Amino acid sequence: MTIEQINRLGDSFFPEHLGIKVVDVQETTIVGEMELKPYFLAPNRYLHAGCIVSLADTLAGYASMMNLPKGAISFTTIELKTNFLRTLQEGVMQASCVPEHLGRKTQVWKVTVSAKDTGKKMALFSCTQMMIYP
């Protein structure tokens, strides 16, 4: 899949509303970005944790779609975990998604979310996807 094809997957869905954009795609690696908006902040004026998880989970989902095993028609998330390391109040988050396990029944993806301008890690995310067959 091309970057353009992947970005179109989010059209009219949650990723488009958050402004998530894929900027690089390799065989099993995907990189995306999300520009922070003031309304992404929680009432405490820090970035809402759900925004970080949404960026990471979206990239893991796209990566799963790009790497469905032969015969699989879709996937669903069965587990996810995030370690939050720091926050942002403005700027762009960048995330890189790589596979930890690409099996026939499950896939495990690791996503590192960073501040684009400094490269400082914001979160470490992992998720397990269950492959769906007809």
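Scroll up to find the structure this text is about.
Treat the numbers as computed from the prediction; the structure is a model and nothing was measured.

### Structural notes on the overall build of the protein chain
Turning to step 1, where the next piece is worked out: Summing up its helical and strand segments, the protein chain has 3 helices and 6 strands in all.
Turning to step 2, where the next piece is worked out: Mapped from its N terminus to its C terminus, the protein chain presents α and β elements in the order α-α-β-β-α-β-β-β-β.
Turning to step 3, where the next piece is worked out: Against the compact-globule benchmark of 14 Å for 134 residues, the protein chain has a radius of gyration of 14 Å, which places it among compact chains.
Turning to step 4, where the next piece is worked out: Partitioning the contacts of the protein chain with sequence separation of at least 6, the portion at a separation of at least 24 is 63%.
Turning to step 5, where the next piece is worked out: Roughly 7500 Å² of accessible area belongs to the protein chain as shown, and the carbon and sulfur atoms make up 54% of that amount.
Turning to step 6, where the next piece is worked out: The centroid of the 13 positive side-chain charges in the protein chain is displaced by 6 Å from the centroid of its 12 negative side-chain charges.

### Topic: empty space enclosed by the protein
Turning to step 1, where the next piece is worked out: Per the counting criterion, the structure on display carries 1 cavity of 30 Å³ or more.
Turning to step 2, where the next piece is worked out: Its volume calculated, the largest cavity comes out at about 40 Å³.
Turning to step 3, where the next piece is worked out: Surrounding the largest cavity, N7, G10, D11, P15, E16, I20, K21 and Y62 form its lining.

### Describing the packing of aromatic side chains
Turning to step 1, where the next piece is worked out: Throughout the structure, instances matching the rule amount to 1 aromatic pair.
Turning to step 2, where the next piece is worked out: Seen in terms of ring centroids, Y39 and F40 are 5.1 Å apart; in terms of plane orientation they differ by 85°. Their pairing is edge-to-face.
Turning to step 3, where the next piece is worked out: Note on F40: relative accessible area 5%, which makes it buried.
Turning to step 4, where the next piece is worked out: A cation over an aromatic ring shows up here: R104 above the ring of Y133, its NZ or CZ 4.7 Å from the ring centre.

### What about the pattern of salt bridges?
Pairing between side chains becomes possible if they bear opposite charge and their charged atoms approach one another.
Turning to step 1, where the next piece is worked out: Applying the stated criterion across every chain yields a total of 3 salt bridges.
Turning to step 2, where the next piece is worked out: The salt bridge involving E33 is made with K116; its shortest N-O contact spans 2.8 Å. In this pair, E33 is assigned in strand 2 (residues 30-35) and K116 in the loop between strand 5 (106-115) and strand 6 (121-132), connecting sequence segments 83 residues apart.
Turning to step 3, where the next piece is worked out: Across the pair E100 and K110 runs a salt bridge, and its minimum N-O distance is 3.6 Å.

### Remarks on the layout of surface pockets
Take a probe with the size of a water molecule and roll it over the atoms, and the empty space left behind shows itself.
Turning to step 1, where the next piece is worked out: Here the largest pocket is characterised by a volume of approximately 190 Å³.
Turning to step 2, where the next piece is worked out: Lining the largest pocket, in full, are L9, P15, D57, T58, G61, Y62, M65, S74, F75, T76, T77 and Q129.
Turning to step 3, where the next piece is worked out: Elements with a minimum of two residues in the lining of the largest pocket: helix 3 (49-66) and strand 3 (74-84).
Turning to step 4, where the next piece is worked out: Residue contributions to the lining of the largest pocket peak at 5 residues, all from helix 3.
Turning to step 5, where the next piece is worked out: Residues that form the lining of the largest pocket fall into these classes: 5 nonpolar, 6 polar and 1 charged.

### Things to note about the side chain of E33
Turning to step 1, where the next piece is worked out: Relative accessible area serves as the criterion here: at 16%, E33 is assigned to the buried category.
Turning to step 2, where the next piece is worked out: At a separation of 2.8 Å, a polar atom in the side chain of E33 contacts the side chain of Q94.

### Some thoughts on the pairing of strand 1 (residues 21-25)
Turning to step 1, where the next piece is worked out: Bridge count for strand 1 against strand 2 is 4 bridges, and the pairing is antiparallel. By the bridge assignment for strand 2, V25 is matched with I30.
Turning to step 2, where the next piece is worked out: The antiparallel pairing of strand 1 with strand 2 creates a hairpin that spans 4 residues between the two strands.

### Digging into the sheet that holds strand 1
Turning to step 1, where the next piece is worked out: With antiparallel pairing, the 6 strands of this open sheet are ordered in space as 1-2-4-5-6-3. Lying at the two open borders of the sheet, with one neighbouring strand each, are strand 1 and strand 3. Along the sheet, successive strands turn relative to each other by an average axial angle of 25°, direction set aside.
Turning to step 2, where the next piece is worked out: Inspection of the sheet shows strand 5 paired to strand 6 by 9 bridges, in the antiparallel sense. Note on strand 6: the bridge partner recorded for V113 is A123.

Analysis parameters
Each residue is numbered by its place in its chain's sequence as written, counting from 1. In keeping with the predicted nature of the model, local features appear solely for residues at pLDDT of at least 70, side-chain atom pairs appear and are counted solely at 80 or more, and the whole-chain, interface and lining totals rest on all residues. Excluded from the side-chain calculations are hydrogens and water; all other atoms, namely the structure's heavy atoms, are used. Secondary structure counts use DSSP, requiring at least four H or I residues in a row for a helix and at least two E residues in a row for a strand, with both numbered from the N terminus. Our radius of gyration looks at C-alpha atoms and nothing else; its globule reference is 2.2 Å times the residue count to the power 0.38. Any two residues having at least one pair of non-hydrogen atoms within 4.5 Å are treated as being in contact. For every accessible area listed, the method is Shrake-Rupley and the probe measures 1.4 Å; residues are considered covered only by the protein chains on display. By the counting rule applied here, Lys and Arg register as positive and Asp and Glu as negative, while His and the ends of each chain are not counted. In this description, the location of a charge corresponds to atom NZ of lysine, CZ of arginine, CG of aspartate or CD of glutamate. Using a grid of 1 Å spacing that covers the protein atoms alone, one calls a set of points a cavity when a 1.4 Å probe fits there but cannot get out, and a pocket when the set is open and has protein on both sides within 12 Å along at least five of seven lines; lining residues are those with an atom within 4 Å of a point. Grid points are joined across faces, edges and corners, and a volume is the space filled by probe spheres set on the points. A pair of Phe, Tyr and Trp rings is counted when the ring centres sit within 6.5 Å of each other, with Trp represented by its six-membered ring. The angle between the planes then sorts it: under 30 degrees is stacked, over 60 is edge-to-face, the rest tilted. Accessible area is worked out with a 1.4 Å probe on protein chains only. A residue is then buried under 20% of its type maximum, exposed over 50%, and partly exposed in between. Counting as a charge over the ring demands two things of the Lys NZ or Arg CZ atom: a distance within 6 Å of the ring centre and an angle within 35 degrees of the ring normal. Basic side-chain nitrogens of Lys or Arg form a salt bridge, by our definition, when they fall within 4 Å of a carboxyl oxygen of Asp or Glu. Note that Gly is not counted as nonpolar here; it falls among the polar residues with everything else outside the nonpolar set of Ala, Val, Leu, Ile, Met, Phe, Trp, Tyr, Cys and Pro and the charged set of Asp, Glu, Lys and Arg. As used in this structure description, the phrase polar contact means that two N or O atoms lie within 3.5 Å; if the pair is within protein, one of them must be able to donate a hydrogen and the other to accept it, and residues adjacent in sequence are counted only when both atoms belong to side chains. At least two bridges found by DSSP between two strands are what make those strands a pair. Helix axes use the C-alpha atoms of the stretch in contact, all axes being lines fitted to C-alpha atoms, and the angles between their N-to-C directions lie in the range 0 to 180 degrees.

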